[in-house]
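Breakdown of the fold
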Amino acid sequence: MNSENPKNEISRRRFLQNTTAAGIYLSMFGMPDLLANTVTDKNTAGIPDVKLNNGVKMPILGFGTYGLSGEVCQQSVADAITAGYRLIDTAKVYGNEEAVGRGIKQSGIDRKKLFVTSKLWVDDAGYENAKKGFEETLRKLQLDYLDLYLIHRPRGDVKGSWKAMEELYKAGKIKAIGISNFDQAQLTDLLSYAEVKPVVNQIETHAYFQQTNDYNLLKKHNIYTEAWAPFAEGRNGLFTNEVLTQIAKKYNKTTAQVALRWHFQRGIIAIPRSSQKAHIAENLIIFDFKLDDADMKAIAKLDLNTTQFPEWS
Ligand SMILES: NC(=O)c1ccc[n+]([C@@H]2O[C@H](COP(=O)([O-])OP(=O)(O)OC[C@H]3O[C@@H](n4cnc5c(N)ncnc54)[C@H](OP(=O)(O)O)[C@@H]3O)[C@@H](O)[C@H]2O)c1
């Protein structure tokens, strides 16, 4: 299949309908007008972009790669790009940057059409190490720039790491810089010295841990929330949750699609991971229905306001 013309591409008419609805919906929530920022390239699967606080556009839905390695990772990344994903999320600590790079090459896509994210691991914290860590990441991915580079966890010399990232950003080696797993105090501290504001904070966010306070604070600073584990990896029965299942039935959708649509309607960037072609495709088809107020309220009630990954805290 021609990766630039995927068979499951959403039709232009439906794409415009969907993105119009998305733009109006997010405008209602005070988010940037997505309609003005939507991808117009007809070779994408019609995934709306958000405009980050530095003006760079980023797809609101992307592909996660945690836990994928070797050939499975390479093939999954190639499949995801062929299906229409343009945002690919990896990290040094996943140990799969080489495989992600090979998957990108295998897809045959023009690199400029992709939005590639990687993350600085804690071992590379500090000014000098961060610069080395970044070069190593680029080399493994076989790329000459990153679209987004994140401090993976707020450990070690965060100030030194950020300074290195700001310099790489100013040199054009990274199009946007951000953070991950920063709590409110850590974010406030970083903002006290940052010359360049982070564009996103990638944090655990799903129906069981909705992160409303962090989301509101980030929004106040014009920083996007990016959801890691948008399905909570299926923990606590997320894929069979009764509320999500009932809502899914109403729209003839799957619980996974409802979960992703909920993130989208909150204006949150989500990066679901799958190694199954059918799931990879399914997770893209969330722009042709809309959750109503009652659905959003019912999902809001699922919040347990606690991590589903205590082992990582
Ligand atoms: N910054 C951080 O600290 C951090 C931490 C964790 C994750 N992340 C990023 O966030 C991404 C997403 O999180 P995650 O990978 O941990 O978990 P996730 O996306 O919440 O869940 C992945 C799981 O969901 C299953 N799945 C996917 N689509 C499905 C569908 N349509 N129906 C049923 N099951 C489905 C996958 O299985 P199949 O393969 O069988 O489809 C997989 O087991 C990661 O891959 C990574 O890029 C970042």
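An unreviewed UniProt entry lists the chain under the name 2,5-diketo-D-gluconate reductase A, from Flavobacterium defluvii. The Sequence similarities (unreviewed entry) comment attached to the chain in UniProt states, word for word, "Belongs to the aldo/keto reductase family."

**Regarding the sheet that holds strand β10 (residues 269–270)**
The 8 strands are arranged β3-β4-β5-β6-β7-β8-β9-β10 in an open sheet whose pairing can be described as parallel. At either end of the open sheet lies a strand with only one pairing partner, and these are β3 (63–64) and β10. Bridge count for strand β5 (residues 115–120) against strand β6 (residues 146–151) is 4 bridges, and the pairing is parallel. Bridge pairing in β6 places L120 opposite I151. Helix α8 (residues 212–220) rests against β8 (200–204) and β9 (224–228) of the sheet, and its axis sits at about 145° to β9.

**Topic: the environment of E226**
Following the sequence through the fold, E226 ends up in strand β9. Owing to 30 C-beta atoms within 10 Å, E226 belongs among the buried residues under this scheme. Residues E226 and I269 lie 43 residues apart in sequence; the distance between their C-alpha atoms is 4.5 Å.

**Details of the site of the ligand**
Near the ligand you find 28 residues, and of these G64, Y66, A256, R273 and S274 are the closest. Tallied by class, the residues present in the shell around the ligand amount to 10 nonpolar, 14 polar and 4 charged.

**Here we look at the confidence of the model for the chain**
Considering every residue of the chain, the mean pLDDT works out to 89; 86% of them sit at 70 or more. Across residues 1–43, where pLDDT falls below 50, the model places 66 contacts with residues more than four positions away in sequence or in other chains.

**Focus: the pairing of β8**
Put simply, side chains in a regular strand alternate between the two faces of the sheet. For β8, the buried fraction is high: 5 of the 5 residues fall into the buried class. In this region the chain leaves strand β7 (residues 174–180), passes through helix α7 (residues 184–193) and returns to the parallel neighbour β8; the handedness of that crossover is right-handed. For the handedness criterion, the β-α-β arrangement of β8, α8 and β9 is classed as right-handed.

**Considering unusual backbone geometry**
We note that N222 has phi near 60°; this positive angle belongs to a residue other than glycine. Judged by local crowding, N222 falls into the partly exposed class, with 13 C-beta atoms found within 10 Å. Located in the positive-phi region is N252, a residue other than glycine, with phi close to 55°. Checked against the element boundaries, N252 lands in the loop between α9 (242–251) and α10 (255–266).

**Section: the UniProt feature "binding site: substrate" (unreviewed entry) in the chain**
Listed under "binding site: substrate" (unreviewed entry) in the UniProt record, and renumbered for this structure, are H152. Relative to the helices and strands, H152 resides in the loop between β6 and α6 (158–170). Ignoring sequence-local partners within four residues, the contact set of H152 consists of A91, V93, K119, L120, W121, V122 and S180.

**A short note on helix α4 (residues 97–107)**
The element α4 is largely enclosed, with a buried count of 8 among its 11 residues. Those residues of α4 that sit buried are E97, A99, V100, G101, R102, G103, I104 and S107. Where α4 is buried, its residues meet α3 (70–83), β4 (87–89), β5 and α5 (127–141). Phi turns positive, to about 80°, at G108, one or two residues after α4.

What counts and how
Sequence order as written defines residue numbering, which begins from 1 separately in each chain. Per-residue local features of the predicted model are confined to residues with pLDDT of at least 70, and side-chain atom pairs are confined, for both listing and counting, to 80 or more; whole-chain, interface and lining totals are unaffected and use all residues. UniProt positions are given in the numbering used here, feature names are shortened, and annotations may be inferred rather than shown by experiment. Whether two strands pair depends on DSSP finding at least two bridges between them. By the criteria applied, helices consist of DSSP H or I runs no shorter than four residues and strands consist of E runs no shorter than two, each listed in order from the N terminus. What counts as a contact is two residues whose backbone-derived C-beta atoms lie within 7 Å of each other. Between N-to-C directions, angles cover 0 to 180 degrees, with each direction set by a line fitted to C-alpha atoms, over the stretch in contact for helices. Burial in this document is a count-based property: other C-beta atoms within 10 Å of a residue's C-beta are tallied, and the residue is buried at 20 or more, exposed at 12 or fewer, or partly exposed in between, with C-beta positions derived from the backbone. Nearness between a residue and a molecule or strand is assessed with a C-beta atom placed from the backbone; a distance within 6 Å qualifies. Note on residue categories: nonpolar means Ala, Val, Leu, Ile, Met, Phe, Trp, Tyr, Cys or Pro, charged means Asp, Glu, Lys or Arg, and polar means any other residue, Gly included. Note on scores: pLDDT gives the predictor's confidence for each residue, bounded by 0 and 100. Note on handedness: a clockwise path from strand one over the helix to strand two, with the strands aimed away from the viewer, defines a right-handed crossover.

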